[in-house]
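# Observations on the model geometry
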Amino acid sequence: MASASDSDTDITGLAANGQLPLPWLAAPLQQALTQGRSHAMLLQGPAGVGQFDLALLLAQAWLCEGRAAPDQPGCGQCASCRLLHSRSHPDFQVLLPEALREPLGFGAMDAEGAEPKASKAKPSREIKIEAVRQVLSFAQVSAARGKAKVVVVYPAEALNTVAANALLKTLEEPAGLLRFVLASAAPQQLLPTIRSRCQPLQMALPARDAALAWLTSQGVETPDVLLAATGGRPQEALLWSEEGIAAKTWLELPRRIARGEAQALTDWPVPRAIAAMQRLVHDLMRIAHGASPGFFPRDALPKLPAVRTALDQWARTLQQAARHAEHPLNAGLLMESLVAQGQQAMRPAR
Ligand SMILES: [Zn+2]
C-alpha cells in the first residue's frame with residue numbers, strides 16, 4: 001500500500017519554521033503548551049480534525065532542542081526534531097493499534113512487541129498488553145537526550161481493559177522526564193481511572209474557511225461538498241477524496257437511495273455507508289422541523305414524504321445497524337435491506 005505519510009500529504013507532519021501541517025492546530029497547540037500542567041494530557045474532540053497530529057506536535061515541542069520559548073512549536077531543524085521526523089527518536093514512543101501503525105507511518109511492531117501474527121489475521125484495532133509492556137520498559141530507562149520522554153497513545157479508547165489497567169500506575173506517576181499524550185474521539189469509553197489521571201484538552205471542529213483552504217491546498221476538488229458531507233472534518237474529507245469519492249457521488253446519493261439503488265453504497269465500507277444514510281435521515285428530519293440540512297445541500301435531497309413514521313423507523317434500524325457495522329454478517333444483503341427501507345421512507349406522498 002502506498003503510504004500517504006511521506007511528502008504528498010502532511011497527515012503525520014511536524015512543525016517547521018513556525019508552520020504547522022494543519023494550520024488550525026496552532027491555537028490548541030498553544031493552549032496545550034501554555035496551560036499543560038499535568039504529565040498526562042488527554043486530547044479529546046471529534047475524529048478527523050487532527051488529534052493524532054496535535055499529539056505529535058506536542059511531543060515534538062517537548063522534545064525539541066531548538067525552541068526559543070516553551071510556548072513555541074518544535075523548530076523542525078534540530079537533531080531531536082529530525083529524529084522524530086524519521087520516526088527514530090529514542091525518547092519517543094507511540095502506542096497504536098496494529099491496524100494504525102502503517103497508515104500513520106510507524107511501520108509494523110518490532111519483534112519484541114509483536115503480536116503473534118497469523119499471516120491472514122487482520123491487524124488488530126485494539127491496543128494490547130504486549131504493546132503496553134514495551135512502553136512500561138521504555139518508562140524505566142532514562143532519557144537518551146535528556147530533554148523529555150514522550151508516549152503518545154492513540155486512539156486512547158483502543159486500549160483494551162487489561163492494557164489500560166497495566167498502564168494506570170505509570171500514567172499516574174511517570175518516572176523522571178516521562179510525559180503522556182492520549183488522544184480520543186470517544187473519551188466516555190475510557191476507564192474513569194484513566195480519564196482522571198489526565199488533564200483534558202478539548203479540540204473543536206476547525207473554522208470552515210481554514211478547513212476549506214487546507215483541503216484546496218491538498219488538491220481536493222469541490223472541498224465544500226466533501227467538508228459538509230463529513231460534518232466539517234477536513235481529514236476525513238481528504239480521505240474520502242483520496243479514496244475517489246467525488247462530490248458528485250455524494251450529491252447523487254439521496255436520490256439514488258430514494259430509487260432503491262443499493263449499488264450506490266455497496267462499494268463503501270459498511271460503517272461509512274450506514275453513516276451516510278444516517279446523515280441523510282438527519283438532514284430530512286431537520287428539513288421536516290424547518291431547519292437547514294447540514295450534510296447535503298437542500299437541492300440534493302428528495303421531497304419530504306407526507307407521512308414520516310417510515311423515516312423514524314428507518315432511523316431506528318440504521319442506529320441498530322451502526323452498532324454492528326464493523327462485523328456485518330452479509331454486507332451486501334444488509335445494504336439492500338437498509339436501502340430498501342430508505343426507499344420506503346422517502347416514498348413521496350400521493
Ligand atoms: Zn527542534
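Criteria and cut-off values
Residues numbered from 1 in each chain as written. Predicted model: local features only at pLDDT ≥ 70, side-chain atom pairs only at ≥ 80, totals over all residues. Heavy atoms only, no water. Pairing = 2+ DSSP bridges. Helix = DSSP H or I, 4+ residues; strand = E, 2+ residues; numbered from the N terminus. Axes fitted to C-alpha atoms, helices over the stretch in contact; angles between N-to-C directions. Contact = heavy atoms within 4.5 Å. Donors = N, O, S within 2.8 Å, 3.2 Å for Na, K, Ca; no water. Tetrahedral: all angles 85-135°; square planar, octahedral: opposite > 155°, others 65-115°. Buried < 20%, exposed > 50% of the residue type's maximum accessible area, 1.4 Å probe, protein only. Parallel < 35°, antiparallel > 145°, perpendicular 65-115°, else oblique. Nonpolar A, V, L, I, M, F, W, Y, C, P; charged D, E, K, R; others polar. Phe/Tyr/Trp six-rings, centres within 6.5 Å; stacked < 30°, edge-to-face > 60°.

Note: strands within a sheet are paired through backbone hydrogen bonds, in either parallel or antiparallel orientation. Across the sheet, five strands lie side by side as β2-β3-β4-β1-β5; this open sheet has parallel pairing. Across the chains shown, the open sheet's two edge strands, defined by having one partner strand only, are β2 (92-95) and β5 (199-202). For this sheet, the mean angle separating the axes of adjacent strands, direction not counted, is 20°. One ladder, built from five bridges, connects strand β1 (residues 40-44) with strand β4 (residues 178-184); its direction is parallel. Bridge pairing links Ala-40 to Phe-180 in β4. Sheet strands in contact with helix α5 (residues 129-140) are β2, β3 (149-153) and β4, and its direction is about 160° off that of β2. On the sheet, helix α6 (residues 161-172) packs against β1, β2 and β4 and is oriented at approximately 130° with respect to β4.

Let us now look at the coordination of the zinc ion. Six octahedral donors around a metal ideally sit at 90 or 180 degrees from one another, while four tetrahedral donors ideally sit at 109.5 degrees. Only Cys-64 (SG), Cys-75 (SG), Cys-78 (SG) and Cys-81 (SG) from the protein reach the zinc ion as donors, at distances of 2.3 to 2.4 Å. Bound by four donor atoms, the zinc ion shows angles of 101 to 117° at the metal and therefore tetrahedral coordination geometry. Of note, the donors binding the zinc ion are all from one chain and are spaced C-x10-C-x2-C-x2-C. Here Cys-81 lies in helix α3 (residues 79-85) and Cys-64 lies in the loop between α2 (51-63) and α3, a separation of 17 residues in the sequence. Both residues of the pair, Cys-64 and Cys-81, count as buried.

The next point concerns helix α10 (residues 234-242). One full turn of an α-helix is made of 3.6 residues, so residues set three or four places apart face in the same direction. All of the buried residues in α10 are Pro-234, Gln-235, Ala-237, Leu-238 and Trp-240. Buried residues in α10 make contact with α2, α8 (208-217), α9 (223-229), α11 (247-258) and α12 (270-288). Within two residues after α10, Gly-244 carries a phi angle of roughly 85°, on the positive side.

For the pair α12 and helix α14 (residues 331-345), the least separation of the axes is 11 Å and the interaxial angle reads 5°. In terms of orientation, α12 lies roughly parallel with respect to α14. Within the contact between the two elements, α12 uses Val-270, Ala-273, Ile-274 and Met-277 and α14 uses Ala-331, Leu-334, Met-335, Leu-338 and Val-339. Grouping the constituent residues of the contact of α12 with α14 by class yields nine nonpolar, no polar and no charged.

Taken as a whole and judged by the stated rule, the model has eight aromatic pairs. An angle of 40° between the planes, with centres 6.3 Å apart, marks the rings of Phe-92 and Phe-106 as tilted. A residue pair is termed long-range when its members are at least 10 positions apart, and Phe-92 in strand β2 and Phe-106 in the loop between α4 (98-101) and α5 qualify at 14 residues. Neither residue differs from the other here; Phe-92 and Phe-106 are each classed as buried. Seen from their ring centres, Trp-250 and Trp-268 are 6.4 Å apart, and the 10° between their planes marks the pair as stacked.

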